[in-house]
Amino acid sequence: MRPFIHVNCAMSADGKIAGVDRKQISISSEEDKARVKNLRKKYDAILVGVGTIISDNPHLTVKGLDYDSNPVRIVLDPDGRTPDDALVLDDQAPTIMVTTKNCTKEWDCEETIRSDDKINLTKIMEELAEEMGIENILIEGGGETIASFFKEKLVDKYTVFVGGLIIGGRTAPTPADGEGWVAEKGIKLSLEDSEVLGNGVLLTFEPSYD
Ligand SMILES: NC(=O)c1ccc[n+]([C@@H]2O[C@H](COP(=O)([O-])OP(=O)(O)OC[C@H]3O[C@@H](n4cnc5c(N)ncnc54)[C@H](OP(=O)(O)O)[C@@H]3O)[C@@H](O)[C@H]2O)c1
């Protein structure tokens with residue numbers, strides 16, 4: 001058994017999730033920000049990769065919720081690059097760091113899971129569900145992390161807000177980065193819904209894997 005996995009992100013009209021300097025750019029409309037706030041409340045956990053922690057230093061909490069009501073925050077960090085003063089480690093919500101056995105870094109957080117030499121996503125997801133009762137996870141980025149979940153066929157729902165701006169730059173991150181994989185057909189998505197949210201559109205897809 002593994003959690004239901006929903007990937008949510010915001011990209012520009014030219015398909016970028018940040019600028020070439022990898023710094024955060026405001027892409028979401030006010031309506032989309034309100035949607036994301038409500039979405040976070042519905043999930044047991046919010047997950048990001050360490051690249052997002054280093055670039056954006058997000059809190060990953062819902063304003064107004066206390067420690068016990070906020071979703072659990074999960075960070076994939078195989079080499080222990082998350083600094084001790086990262087906001088994701090503050091006392092506003094529980095945090096689970098996912099790293100490898102080779103990483104000796106200790107964090108002041110609820111739980112540290114040490115995977116094998118490489119992070120085995122499927123195994124970690126099963127552990128989160130079976131041992132920690134996490135039934136659903138919202139993945140908020142970045143591109144490397146999202147790609148790794150798609151590659152392992154673990155994404156059940158994909159929502160992307162396409163905002164009214166062009167960011168540009170061939171090295172600017174996109175929703176599914178990483179090394180890529182040779183795929184004749186790519187991963188097929190069926191469009192479930194589309195909704196105008198201010199100066200952009202929210203697209204809801206359901207992936208299907210062969
Ligand atoms: N617009 C949006 O919705 C949105 C949301 C979030 C982030 N962003 C942007 O995205 C950019 C960050 O994205 P990113 O792709 O650089 O970083 P990321 O996906 O946040 O983190 C990538 C890193 O996390 C670790 N990781 C992720 N998945 C892993 C796996 N399956 N196994 C092992 N390690 C794994 C690796 O760490 P190591 O490198 O240590 O191996 C990897 O390099 C920033 O520019 C940020 O502003 C945009």
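Everything discussed here concerns the structure shown above.
All values reported here derive from a predicted model rather than from experimental measurement. Along each chain, numbering runs from 1 in the same order as the chain's sequence is written. A pLDDT threshold of at least 70 governs which residues receive local features in this predicted model, and a stricter bar of 80 or more applies before side-chain atom pairs are shown or counted, although totals over entire chains, interfaces and linings include all residues. The side-chain values count all of the structure's non-hydrogen atoms but skip hydrogen atoms and water molecules.

Caption draft 1: Here's a closer look at the pairing of strand β8 (residues 188–196). With eight bridges connecting them, β8 and strand β9 (residues 200–208) associate as antiparallel partners. For D193, the partnering residue across the bridge sits in β9 and is T204. The pairing criterion for strands is at least two bridges between them, as found by DSSP. Note on conventions: DSSP H or I runs of at least 4 residues are helices, E runs of at least 2 residues are strands, and numbering of each starts at the N terminus. Two successive antiparallel strands, β8 and β9, enclose a turn made up of three residues, where G198 displays a positive phi of approximately 65°.

Caption draft 2: The state of the cysteines, seen in detail. Count a disulfide wherever a pair of cysteine sulfur atoms falls within 2.5 Å. In total, this model carries zero disulfides according to the counting rule given. Here C109 stays unpaired: no disulfide links it, and the sulfur of C103, its closest cysteine neighbor, is 11 Å away.

Caption draft 3: Representation of helix α3 (residues 121–132). For a helix, the expected span equals 1.5 Å multiplied by the number of residues minus one. A rise of 1.5 Å per residue sets the reference length of α3, with its twelve residues, at 16 Å; its end C-alpha atoms lie 15 Å apart and thus fit the reference within 8%. Inspection of α3 places L121, I124, M125, L128 and A129 among the buried residues, and these make up the whole buried set. All buried residues of α3 fall inside an arc of 130° around its axis, so they share one side. Set apart from the buried face of α3 by more than 90 degrees, the exposed residues are E130 and E131. Directly beyond the C-terminal end of α3, a positive phi value near 70° is found at G133. Buried, partly exposed and exposed residues are distinguished by accessible area as a fraction of the type maximum, computed with a 1.4 Å probe on protein chains only: under 20%, between the cut-offs, and over 50%, respectively. Directions from the helix axis toward the C-beta atoms define the arc.

Caption draft 4: Expanded view of the packing of aromatic side chains. Each Phe, Tyr or Trp ring, with Trp reduced to its six-membered ring, pairs with another whose centre is within 6.5 Å; inter-plane angles below 30 degrees give stacked pairs, above 60 give edge-to-face pairs, and intermediate values give tilted ones. As enumerated under the stated definition, the model contains two aromatic pairs in all. Taking 5.5 Å as the distance between ring centres and 80° as the angle between the ring planes, the aromatic pair formed by F150 and Y158 counts as edge-to-face. Y158 sits in the buried class, given a relative accessible area of 9%. Between Y158 and F205, the aromatic rings sit 6.1 Å apart at their centres with planes inclined by 20°, giving stacked as the arrangement. Of the two residues, Y158 sits in strand β7 (residues 157–163) while F205 sits in strand β9, which places them 47 residues apart along the sequence. Assessed through its relative accessible area of 16%, F205 is described here as buried. Through a chain of ring-to-ring contacts, the aromatic side chains of F150, Y158 and F205 assemble into a single cluster.

Caption draft 5: Geometry of the pairing of strand β2 (residues 45–49). Extensive coverage of β2 is indicated by the burial of five of its five residues. Neither face of β2 is open: one carries A45, L47 and G49, the other I46 and V48, and all of them are buried. With five bridges connecting them, β2 and strand β3 (residues 72–76) associate as parallel partners. Within β3, the residue paired with A45 across the bridge is V72. Handedness of the crossover is the feature at issue here: the chain leaves β2, passes through helix α2 (residues 50–56), returns alongside β3, and the resulting connection is right-handed. With three bridges connecting them, β2 and strand β6 (residues 136–139) associate as parallel partners. Across the sheet, the residue bridging to I46 is L138, located in β6. Whether a crossover is right-handed depends on one test, that the path from the first strand over the helix to the second runs clockwise when the strands point away from the viewer.

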